[in-house]
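One-letter residues, chain by chain:
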Amino acid sequence: MILPMYIFGQPVLRKVAEDIEEDYPNLKELIENMFETLRHSEGVGLAAPQVGLAKRLFIVDLDCLSEDHPEFKGYLKTFINPEIVEFGKEMGTYEEGCLSLPGIHENVKRPTKVLVNYLDENFEEHEEWFDGFPARVIQHEYDHLDGKMFIDHLSALRKQMLKSKLSAMAKGKFEAAYKCKANR
Ligand code: NI
């Protein structure tokens, strides 16, 4: 089932999300629905707050890029109660977008490597280094669990330049090709 995407202005996107217990009802179904929603909206990552749930869960689907990047064939990952244990020292800049911020794309500087401790969809614990594009996506999604969005990383000047676009978005004025939950 495709879930509606919560758009900037919806309070759940600014909440610090809570851990998920193993007996969380219909968790498998929720994860399946999130993957379906992500594929439908042509994104690479989706966090639970973006579908209205303040829970510490996000998914990453890089398989959609595997035509040009064969290393991402079958790259579908679920992160439950993740923690970023360590950041690499090197920084990189890359243009990010977000399904909850349709039409906004900005360069964001982040560490290029992260060590993440997380539970997978079977509640098996992993501790794993990620680098390059996966590290970028994971940090972006992880931010959502703390009520943060990529625009929070921008300079005061860039934020100022986006101000009117964001306030219009919060009032429901934006275009998106997927089902949305917004103030309209
Ligand atoms: Ni996002």
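Preceding this paragraph is the structure being described.
First things first, this report covers the structure right here in the doc. (Residues numbered from 1 in each chain as written. Predicted model: local features only at pLDDT ≥ 70, side-chain atom pairs only at ≥ 80, totals over all residues. Heavy atoms only, no water.)

**Some remarks on the overall build of the protein**
Then, in step 1: Per the secondary structure count, the protein includes three helices and nine strands.
Then, in step 2: Radius of gyration (C-alpha) of the protein: 16 Å, near the 16 Å computed for a compact globule of 184 residues.
Then, in step 3: Viewed in the frame of its principal axes, the protein has a C-alpha envelope of about 45 × 40 × 35 Å.
Then, in step 4: Surface accessibility of the protein: about 9800 Å² in total, with carbon and sulfur atoms responsible for 49%.
Then, in step 5: Of the charged side chains in the protein, 23 are positive and 32 negative; the average position of the first set lies 11 Å away from that of the second. (Helix = DSSP H or I, 4+ residues; strand = E, 2+ residues; numbered from the N terminus. Rg over C-alpha atoms; globule rule 2.2 N^0.38 Å. Areas by Shrake-Rupley, 256 points an atom, 1.4 Å probe, with all protein chains shown as cover. Lys, Arg positive; Asp, Glu negative; His and termini not counted. Charge placed at Lys NZ, Arg CZ, Asp CG, Glu CD.)

**Topic: the environment of Pro 134**
Then, in step 1: Tracing the backbone through its elements, the reader meets Pro 134 in helix α2 (residues 133-145).
Then, in step 2: Classification of Pro 134 by relative accessible area gives buried; the value is 9%.
Then, in step 3: Sequence-wise, Pro 134 and Ala 170 are 36 residues apart; in three dimensions their C-alpha atoms are separated by 29 Å.
Then, in step 4: Beyond its immediate sequence surroundings of up to four residues, Pro 134 is in contact with Leu 62, Phe 72 and Tyr 75. (Buried < 20%, exposed > 50% of the residue type's maximum accessible area, 1.4 Å probe, protein only. Contact = heavy atoms within 4.5 Å.)

**Notes on the side chain of Gln 139**
Then, in step 1: With respect to the secondary-structure elements, Gln 139 resides in helix α2.
Then, in step 2: Discounting residues that sit within four places of it in the chain, Gln 139 has contacts with Ile 84, Phe 87, Arg 110, Pro 111 and Val 114.

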